[in-house]
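What follows is each chain in one-letter form.
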Amino acid sequence: MARFILDRVFSIALTLAAVVTLTFFMMHTVPGGPFAQDKEVPPEVLRALEAKYHLDEPLYLQYVNYVKGLLVWDLGPSFQKIGVSVNDIIKQSMPASAKLGAVAFVFVLLVGIPAGIYSAVRRDSLPDQAIRFVATLGQTIPSFVLATLLIYVFSSKLKIFPTFGLRTWKHFVLPSIALGGYSLSFVTRLVRSSMLEALGQDYIMTARAKGVPEFQVFFKHALRNSLIPVVTYIGPLIATVVTGSFVVEKVFAIPGMGKFFVDSITNRDYTVLMGLTILDAILLCAAVLIVDLLYGLIDPRIRVGK
Amino acid sequence: MTDRVRWDPLPPELQASEKIVRPSMTYLQDAWRRFRKNPAAMLGLTMVSVIVLLALIGPAVSSHSYWEQDLDRTNEPPSAAYIFGTDSLGRDLFVRVMTGGRISLLISFIATFVSCAIGVVYGGFAGYAGGRADNVMMRVVDIIWTIPLMLYAILLMVWLGTGLHNILIAITLVYWVNMARIVRGQVMNLKEQEFVLAALVQGAGSWRILTRHLIPNSMGPILVTATMMIPGAVFTESFLSFIGLGISAPLASWGSLCSDALGALRPYPYQLFFPAIFICATMLGFNFVGDGMRDALDPRLRK
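S.K.: Before we move on, could you go through the overall build of chain A and cite the residues and values that matter?
M.R.: If you tally the helices and strands in chain A, you get 13 helices and zero strands. Listing the helices and strands of chain A from first to last along the sequence gives α-α-α-α-α-α-α-α-α-α-α-α-α. Referenced to the eigenvectors of the C-alpha coordinate spread, the extents of chain A come out at roughly 85 × 60 × 30 Å. Within chain A, buried positions represent 36% of all 306 residues.

Structure (structure tokens):
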């Protein structure tokens, strides 16, 4: 077990190192540079700016300094917003993203898992067909289309929900649906298919032959055994959903990390772009690690390194 | 008693019974036969064909062009002259959606094809070589796999700059990983089987075994993965164009058309509706085809 964890941690450290190195060198070799603007910047101003942000130092030295900063979680200053550090931006934008992400995540689980179970248990019934239809459709609609459609129908036409911001619970409804729509469809289909697979196993027949009530067959025998692929998917989902969506936050004007990410692309604010990328990667890797460890808890058959 | 066996030619009416009635079927013929019986798959194929045809001939048969502006007729709703209406610069939306389809589909087809080629070679080599080479190669794949695909594509686009070629490069660099994993898994399974040993005994070299035996035998999963990659690439492309990292005007793709429509969503919702419906239909069509192919190409599902 210890060896397995060590191996996983090593692998994740390697991944993060690769992400940091790759993003650093990519962002520092972008043609144009961070201070290229429409109007000509005087060379002495440019030099002063570069000196201020240590961009006049050799690249390897900048890299070493950046990594040193990373180790104490100092992501450096923003190139565009004077006096604001990337840490400030994350501190300021993460709560909105995290809140919305948490709501969307709970929504996906509370709707997706029951819908999938119902669909599998009442296979080929009318509700099952309806659920499958909606889930297939949900996977084909890009989030930006879903988000704009929701705004158009529920905010502009029906005026039930507000368009932007995150002040009351009503503000959460539309962005959560837009953010979770695709995952919801995916989770529903995943639960359905893995439930069906579990229901076809011999131990289900054994349980039924022993006279175990149907309710217990479904929830104790089948559901528990069909959770593995679901956990594999929802682990990384937490990480992605909590760090914010580029599109949903842009469309609903939510001041979260996704919006800052998109802004930093258009503003060429490379330190912000790097910092947010690295934070995303760290959260995602942590989620993957946790899922790997959870496998053993859910399914004793794959208890690692016994 | 010697019972002499006499061998007479079969009478002609019995000769027919010795014939194999049906011509033998190749793997693909057999798969096609099963694919045809699947209504969802055929519906998907029809949808995809119609969309591809429209994108191919749509701009040619229309009397407008995708860049031609008519500032007297901006934001017109759908009418006989403009089937899908016009956009904020008076450009015909039908032609723009069709031209956008050309770009979106072209990008996704080429990106899928190239990333498949890379993935098959890379995964095939890693799976066949095994051992340390496989370990190192798959570590690289794992690293890329862990980074969220969108982040990686966005960084690449920022690095490379916008434009058609760069979207292609970005999507290809992101997508080959998936194919490499699948091919590696297939090859690892197949290489232990007897027909590979037989080929080895007959003196076939590694290259020949890989290209003539292992890869053709993993064609099923490769084709299915490739079919599923196409809508994924359409998705990625439209997403990149939507956040302003893709195709730039006057060229259009489905994603950039959606993005353009966003500003005037309230008064002119049809400008979003048309490109969006094409994205969804393409996704749906390819997903149906992919599902159908998975069932048709899997010999274990034969009834």
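From this point, the discussion proceeds with the structure in view.
S.K.: How would you summarise the interface of chain B and chain A if you had to cite specific residues and measurements?
M.R.: Every contact between the two is made by 30 residues of chain B and, on the other side, 30 residues of chain A. Elements with a minimum of two residues in the side of chain B that touches chain A: α5 (131–146), α6 (149–160), α10 (219–242), α11 (254–262) and α12 (270–297) of chain B. Considering each element in turn, the side of chain B that touches chain A owes the most residues, seven residues, to α12 of chain B. Residues that form the side of chain B that touches chain A fall into these classes: 23 nonpolar, five polar and two charged.

S.K.: Go over unusual backbone geometry with me, naming the residues and quoting the values.
M.R.: Negative phi characterises most residues that are not glycine, and trans characterises most peptide bonds. Residues and elements named next belong to chain A. We note that D124 has phi near 70°; this positive angle belongs to a residue other than glycine. Counting through the fold element by element, D124 comes out in the loop between α4 (86–121) and α5 (126–140). The phi dihedral of A253 is positive, around 50°, even though this residue is not glycine. Within the secondary structure, A253 sits in the loop between α11 (246–251) and α12 (257–266).

S.K.: Run through the packing of helix α1 (residues 2–28) of chain A against helix α3 (residues 59–71) of chain A, naming residues and quoting values.
M.R.: Residues and elements named next belong to chain A. Across the interface, α1 lies against α3 with an axial gap of 11 Å and an inter-helix angle of 135°. The pairing of α1 with α3 is recorded here as oblique in orientation. Of the two elements, α1 crosses α3, and the hand of that crossing is right-handed. Between α1, through V20, F24 and H28, and α3, the contact on the second element is made entirely by L59, Q62, Y63, Y66, V67 and L70. Its residues placed into classes, the contact of α1 with α3 shows seven nonpolar, two polar and no charged.

S.K.: Got a sec to walk through the nonpolar core? Specific residues and values, please.
M.R.: In terms of nonpolar packing, the biggest core is built from 143 residues, with A147 of chain A together with A153, I171 and C258 of chain B touching the most fellow members. Apart from the residues within four sequence positions on either side, A147 of chain A is in contact with A178, V247, V248, V251 and F252 of chain A.

What counts as what
Residues numbered from 1 in each chain as written. Chains lettered and ligands numbered in written order. Predicted model: local features only at pLDDT ≥ 70, side-chain atom pairs only at ≥ 80, totals over all residues. Helix = DSSP H or I, 4+ residues; strand = E, 2+ residues; numbered from the N terminus. Buried ≥ 20, exposed ≤ 12 C-beta atoms within 10 Å, placed from the backbone. Contact = placed C-beta atoms within 7 Å. Nonpolar A, V, L, I, M, F, W, Y, C, P; charged D, E, K, R; others polar. Axes fitted to C-alpha atoms, helices over the stretch in contact; angles between N-to-C directions. Parallel < 35°, antiparallel > 145°, perpendicular 65-115°, else oblique. Left-handed = near helix turned anticlockwise from the far one by under 90°. Core = buried A, V, L, I, M, F, W, Y, C linked by C-beta atoms within 7 Å.

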